[in-house]
Amino acid sequence: MNFATLDLNLLRLLDALFREGSTVKAADRLAMSQSAVSGALSRLRHALNDPLFIRQGNRLVATEYAAGIETGLREELERLEALLAPPATFDPRTAEGTFRIAASDFFAELLMPPLGDLLQKSAPNLRAQLVDLVPNDYVASLERRNADIALIPDSTLPEWVNREPLFHSPFHVIARKGNPGTRGLEDGTQMPMETFCALHHVLFSPEGNLAAMGDAALARVGKRRQVAMTVPVFSGVCRAVGESDLIALVPAQLASKVAEAFELNVFEPPMEIEPALIIGIWHKRFDNALMAAWVRHQVFGLMKGLDADALRN
């Protein structure tokens, strides 16, 4: 027998013949005509080089060869049926697994605490992992970091990636309380352009770039700032500002979150900066993965609330 050329539908028919012992009943079981069943049985006999069934009165009796494969055939068909069946209903209370999120450490502050609380209460056996984005190629994080989702600024995406808009992230200026360069400025007000450009800055840049969105906004009004250092994580930016006379331009949600802990003042920037749209992306192959879809929904729900938080602050 050449298995590569065998019509696997014939195996379903063979199982039906075993179960019914009649071409008529097998035809009814499979919603086929009796002549179609007889033709298929003929092809099976040729493919397997065995009569398979001998007619005995009104019944078909399996040959010794056929009887020897009956149980194994049924088990394999049941295994295939289970393999190809739609996934069972997902129950987060009993589910086990790991969900990987590729994102900047911004989300260590803004996402992981509420997500940890949510999972502990609703899905205690699920594990969440926050991993770094692939520098200069955030979309590659889905495969090179084996991430279930990546949280990134909006960008052009390849066809195999799905996206969902999450929140807009404006920018605020942070400076330590007591910074002599901001003396006389009231917390929450707009920092004057001359102050913003005169003070030295810490720039968030995982790649070590010396310019970012804020610099492009300054260039549009003919101004430049002084970047004194770059740091690859937002936590490092905030700590550097909190322990020096440097200032930084950071996402407004982060500034609001860490201002008290790092003893920071928060100001509006002196120039207009288009808020960054943060999106969630994932590989289309996970569209129907029940655990991934459930956690993705929880993460995106938490993130979408940040738009309202930004407006209140």
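Because the structure is predicted, anything quoted here is derived from the model rather than measured. (Residues numbered from 1 in each chain as written. Predicted model: local features only at pLDDT ≥ 70, side-chain atom pairs only at ≥ 80, totals over all residues. Heavy atoms only, no water.)

**Student:** What is the right way to read the environment of Y65 from this model?
**Tutor:** Mapped onto the elements of the fold, Y65 is located in helix 4 (residues 64-84). The partly exposed category is assigned to Y65, whose relative accessible area is 36%. Placed 175 residues apart in sequence, Y65 and A240 show a C-alpha to C-alpha distance of 79 Å. Those residues in contact with Y65 that sit more than four places away from it in its chain are L48, D50 and L52. (Helix = DSSP H or I, 4+ residues; strand = E, 2+ residues; numbered from the N terminus. Buried < 20%, exposed > 50% of the residue type's maximum accessible area, 1.4 Å probe, protein only. Contact = heavy atoms within 4.5 Å.)

**Student:** Mind showing me how you'd approach the side chain of T182 here?
**Tutor:** Within the element layout of this structure, T182 appears in the loop between strand 7 (171-176) and helix 8 (193-198). Discounting residues that sit within four places of it in the chain, T182 has contacts with A175, R176, M191, L199 and F267.

**Student:** What's the story with the pattern of salt bridges in this structure? I'm lost.
**Tutor:** As a working rule, side chains carrying opposite charge can pair if their charged atoms are close by. Inspection of the entire model under this criterion finds 14 salt bridges. Note that D154 and R163 form a salt bridge whose closest N and O atoms lie 3.0 Å from each other. Under the relative-accessibility criterion, D154 is labelled partly exposed at 39%. Looking at R163, the relative accessible area reads 38%, which means it is partly exposed. One salt-bridge network, held together by shared partners, links D15, R19, E70 and R74. (Salt bridge = Lys/Arg side-chain N within 4 Å of Asp/Glu carboxyl O.)

**Student:** I'm lost on the sheet that holds strand 3 (residues 97-102) in this one. Help?
**Tutor:** Across a sheet, strands are paired by hydrogen bonds formed along the backbone, either parallel or antiparallel in direction. Spatially, five strands are ordered 4-3-5-12-6 in an open sheet, and the strand pairing comes out mixed. Only two strands of the sheet have a single partner each, and these edge strands are strand 4 (126-131) and strand 6 (161-169). Going from strand to strand, the sheet's axes swing by 20° on average, the running direction of each strand aside. Taken together, the two bridges between strand 3 and strand 5 (residues 149-153) define a ladder with parallel strand orientation. Residue pairing for strand 5: I101 is matched across the bridge by I149. Packing of helix 12 (residues 290-304) onto the sheet brings it into contact with strand 3, strand 4, strand 5, strand 6 and strand 12 (276-283), and relative to strand 6 it is tilted by some 20°. (Pairing = 2+ DSSP bridges. Axes fitted to C-alpha atoms, helices over the stretch in contact; angles between N-to-C directions.)

**Student:** Honestly, the packing of aromatic side chains in this entry has me stumped. Any pointers?
**Tutor:** Geometrically, a pair of aromatic rings is defined through the distance of the ring centres and the angle of the planes. One pass over the structure, following the stated rule, counts eight aromatic pairs. Judged by centre distance (6.3 Å) and plane angle (15°), the rings of F106 and F167 are stacked. In this pair, F106 sits in helix 5 (residues 106-110) while F167 sits in strand 6, placing the two residues 61 residues apart along the sequence. Assessed through its relative accessible area of 3%, F106 is described here as buried. Measuring from ring centre to ring centre gives 3.7 Å for F204 and F234, while their planes differ by 15°; the resulting arrangement is stacked. Of this pair, F204 sits in strand 8 (residues 200-204) while F234 sits in helix 10 (residues 234-242), and the two are 30 residues apart along the sequence. (Phe/Tyr/Trp six-rings, centres within 6.5 Å; stacked < 30°, edge-to-face > 60°.)

**Student:** Even after reading the chapter, I still don't get the environment of R12, so can you show me in this structure?
**Tutor:** Mapping R12 onto the fold places it in helix 1 (residues 9-20). Given the relative accessible area of 47%, R12 is considered partly exposed. Put simply, R12 and F167 are 155 residues apart on the chain and 52 Å apart in space, counted from C-alpha to C-alpha. Those residues in contact with R12 that sit more than four places away from it in its chain are L30 and L77.

**Student:** Please explain the packing of helix 1 against helix 3 (residues 34-48) as it appears in this structure.
**Tutor:** The relative placement of two packed helices is expressed as an angle between their axes plus a distance between the axes. One way to put it is that helix 1 packs onto helix 3 with a least axis distance of 10 Å and a crossing angle of 105°. It follows that helix 1 is roughly perpendicular to helix 3 by the angle criterion. Within the contact between the two elements, helix 1 uses L10, L13, L14 and L17 and helix 3 uses V37, A40, L41, R43, L44 and L48. The residue inventory of the contact of helix 1 with helix 3, partitioned by class, reads nine nonpolar, no polar and one charged. (Parallel < 35°, antiparallel > 145°, perpendicular 65-115°, else oblique. Nonpolar A, V, L, I, M, F, W, Y, C, P; charged D, E, K, R; others polar.)

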